[in-house]
Amino acid sequence: MNPGDRVRVDRTGTTYEGVLLPSTTAEELVVKLDGGYNVGIDRSDASVDVLEQDTYDIESGGDADGRSEITFEENLPTVALISTGGTIASTVDYRTGAVTAQFDAEDVLRAVPELAGRANYRGRVVANILSENMTPAVWTELAEAVHEEIEAGADGVVVMHGTDTMQYTAAALSFALETPVPVVLTGSQRSADRPSSDNVMNAVCAVEAATADHAETLVCMHESESDGACALHRGTRVRKNHTSRRDAFGTVGAEPIGRVEWDTGEVSFRRPVAERGADDLRLAPALDTDVELIKFVPGSDPARLDLAEGASGLVIEGTGLGHVNTEWIDRIGALVEDGTTVVMTSQCIEGRVCDRVYDTGRDLLDAGVVEAGDTLPETAYVKLMWALENVESVEETMRRPIAGELQERSVPWT
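Keep in mind the model is a prediction, meaning the values are calculated, not measured.

Trainee: Whenever I open this one, the overall build of the protein chain confuses me. Can you help?
Mentor: Tallying secondary structure elements over the protein chain gives 8 helices and 25 strands in all. Looking at the protein chain residue by residue over its 414 residues, the buried ones come to 51%. Carbon and sulfur atoms provide 43% of the accessible area of the protein chain, an area that totals close to 18,200 Å².

Trainee: It is not clear to me how the environment of Cys 220 should be interpreted in this structure. Could you clarify?
Mentor: Inspection of the secondary structure puts Cys 220 in strand E15 (residues 217-222). With 39 residues separating them in the primary sequence, Cys 220 and Arg 259 have C-alpha atoms 8.3 Å apart. Excluding anything up to four places from it in sequence, Cys 220 contacts Val 184, Leu 185, Thr 186, Gly 187, Asn 202, Cys 205, Ala 206, Cys 230, Ala 231 and Leu 232.

Trainee: Explain helix H6 (residues 359-366) here, please?
Mentor: Three- or four-residue spacings in an α-helix give side chains the same orientation, since the helix completes a turn every 3.6 residues. When H6 is considered as a whole, its buried residues turn out to be Thr 360, Gly 361 and Leu 364. Down the axis of H6, the smallest arc covering the buried residues is 100°, so these residues share one side. Residues Asp 359 and Asp 366 are exposed on H6 and point more than 90 degrees away from its buried face. In this fold, the buried residues of H6 make contact with helix H5 (329-337) and strand E24 (341-346). Two residues or fewer after H6 comes Gly 368, characterised by a positive phi angle close to 105°.

Trainee: Which parts of the structure should I look at to understand the packing of aromatic side chains?
Mentor: How two aromatic rings sit relative to each other is set out by the distance from centre to centre and by the angle between their planes. All told, the structure shown has 3 aromatic pairs when counted by the stated rule. Ring centres 6.4 Å apart and planes at 90° place the aromatic pair Tyr 168 and Tyr 381 in the edge-to-face group. With Tyr 168 in helix H3 (residues 166-176) and Tyr 381 in helix H7 (residues 377-390), this residue pair connects regions lying 213 residues apart in the sequence. Each ring, one from Phe 175 and one from Trp 386, has its centre 6.0 Å from the other, and the planes form 25°; the classification is stacked. Remark: Trp 386 occurs in helix H7 and Phe 175 occurs in helix H3; sequence separation between them is 211 residues. Look at Phe 175 and you get buried, because its relative accessible area is 5%.

Trainee: Mind showing me how you'd approach the sheet that holds strand E22 (residues 291-295) here?
Mentor: The strands making up a sheet associate through backbone hydrogen bonding, with each pair oriented either parallel or antiparallel. What the 4 strands build is an open sheet, ordered E22-E23-E24-E25; its pairing is parallel. The open sheet terminates on both sides in strands that have one partner only, identified here as E22 and strand E25 (370-371). One ladder, built from 5 bridges, connects E22 with strand E23 (residues 313-318); its direction is parallel. If you follow Glu 292 over to E23, its bridge partner there is Leu 314.

Trainee: Could you clarify how one ought to interpret the environment of Asp 42 in this entry?
Mentor: By the element assignment, Asp 42 lies in strand E4 (residues 38-42). Accessibility expressed as a relative area gives 35% for Asp 42, which makes it partly exposed. Considered as a pair, Asp 42 and Arg 11 are 31 residues apart in the sequence and their alpha carbons are 8.4 Å apart. If sequence neighbours within four positions are ignored, Asp 42 has contacts with Arg 11, Glu 27 and Glu 28. Of note is the side chain of Asp 42, whose polar atom sits 2.9 Å from the side chain of Ser 44.

Trainee: What is the right way to look at the nonpolar core in this model?
Mentor: When a protein is soluble and globular, its nonpolar side chains tend to lie buried together. Counting residues in hydrophobic clusters, the biggest one holds 46 residues, and the most contacted among them are Val 146, Val 157, Leu 173, Val 219 and Met 398. Sequence-distant contacts of Val 157, that is, excluding residues within four places in its chain, are made with Ala 80, Ile 82, Val 146, Ile 150, Pro 182, Val 183, Val 184 and Ala 210. Grouped together as the second largest cluster of nonpolar side chains are 27 residues, Ile 70, Val 79, Leu 115 and Val 158 included.

Trainee: It is not clear to me how a negative patch on the surface should be interpreted in this structure. Could you clarify?
Mentor: Taken together, Glu 27, Glu 28, Asp 42 and Asp 45 make up a surface patch of like negative charges. Its place among the elements puts Asp 45 in the loop between E4 and strand E5 (46-52).

Trainee: I'm lost on the pairing of strand E2 (residues 14-21) in this one. Help?
Mentor: Here is the key point about a regular strand: its side chains alternate between the two faces of the sheet. Relative to E2, strand E1 (residues 6-11) runs antiparallel, the two being bridged by 6 bridges. Residue pairing across strands places Val 9 opposite Tyr 16, the latter belonging to E2. The turn joining E1 and E2, which pair antiparallel and follow one another in sequence, is formed by 2 residues; a positive phi near 45° is taken by Thr 12. Hairpin remark: E2 followed by strand E3 (residues 28-33), antiparallel, with 6 residues in the connecting loop.

About the thresholds
- Residues numbered from 1 in each chain as written.
- Predicted model: local features only at pLDDT ≥ 70, side-chain atom pairs only at ≥ 80, totals over all residues.
- Heavy atoms only, no water.
- Helix = DSSP H or I, 4+ residues; strand = E, 2+ residues; numbered from the N terminus.
- Buried < 20%, exposed > 50% of the residue type's maximum accessible area, 1.4 Å probe, protein only.
- Areas by Shrake-Rupley, 256 points an atom, 1.4 Å probe, with all protein chains shown as cover.
- Contact = heavy atoms within 4.5 Å.
- Arc of directions from axis to C-beta.
- Phe/Tyr/Trp six-rings, centres within 6.5 Å; stacked < 30°, edge-to-face > 60°.
- Pairing = 2+ DSSP bridges.
- Polar contact = N/O pair within 3.5 Å; in protein donor to acceptor, adjacent residues only side chain to side chain.
- Core = buried A, V, L, I, M, F, W, Y, C linked by side-chain atoms within 4.5 Å.
- Patch = residues over 30% accessible without salt bridge, like charges linked within 9 Å, V, L, I, M, F, W, Y side chains within 5 Å.
- Salt bridge = Lys/Arg side-chain N within 4 Å of Asp/Glu carboxyl O.
- Lys, Arg positive; Asp, Glu negative; His and termini not counted.
- Charge placed at Lys NZ, Arg CZ, Asp CG, Glu CD.

This is the structure:
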């Protein structure tokens, strides 16, 4: 018997059934039970029956560039699996007990064997980083990689990403790409060694979403704490709202745009979506990284704005309708006169900026501040980076929707 075999172990009147894992000693067996837990069993007086060989064995070829390909059937769609790191494609190294990230297509299928037979897969690595170490430079590289995979014939793309900064990357891809096929980001809140891990369901639902009939850039994560369905969030309207829950992600200002049923794989949408094949593939990945995001809080010294001195752009999270202390206004006006594009968003979870209601807002408009409507601050930060490099009128672009980030109206929906 070998690691990967499905076995039944009987010892002292107790029966264990699951997949045999590597063990650090010859005296013990390690078995992953169907419930997700692992158990160590002393080999002495244990009888072992091999029920199925190579349960998780995935064979294919790869190359030195971190690219690989797995083909099941010619009539299946092709999905490009692109890894940036994170928990979603992690497995447990049972020699050390640590959770380690696995990156090529074979490793992903070993970690999530339920993906087998749903599509043909091409795998590639763009980064091997924790999501808090994500940078705009990696966003650009990732957008180029997605473009290459679609250009090479992928019917959909799944980007595996750490959850902490996924919303920023989703926004960056939304602005950088016009795509005729789905681009779906997914991740995992809990690692593969935990029975409550969400990596399998999220990955499977992401593949189903990537092969469905649409051409959106979406985030696919658990819809609730249970395993009923995954929610599909538009990449420019999504936010991580909880540190550890499996349903950590939410669409701000509306219900998620769609969902994937876990038991059937059915993908459905609540609102109109971009049609598969309707748009030509276009890439505009350049970003001006000289942009700052500052949150105003009561008592903030206007000197905080010195951080943006000489910068290309500044996004401010104001209070309410988009306000800051009046002592900030002259300094903001000076930044605008010096060539910095200053964009106002709100730190409120829902609603939109409107600086025409109160005197402070009118003074901010007179100082040259650009209203971003109900664009999320994080999305506005990424959009401003993109706009500064890719459009003629940055101010006009920040006031209108490019990738669904700015809703026409903010209305109650719950």
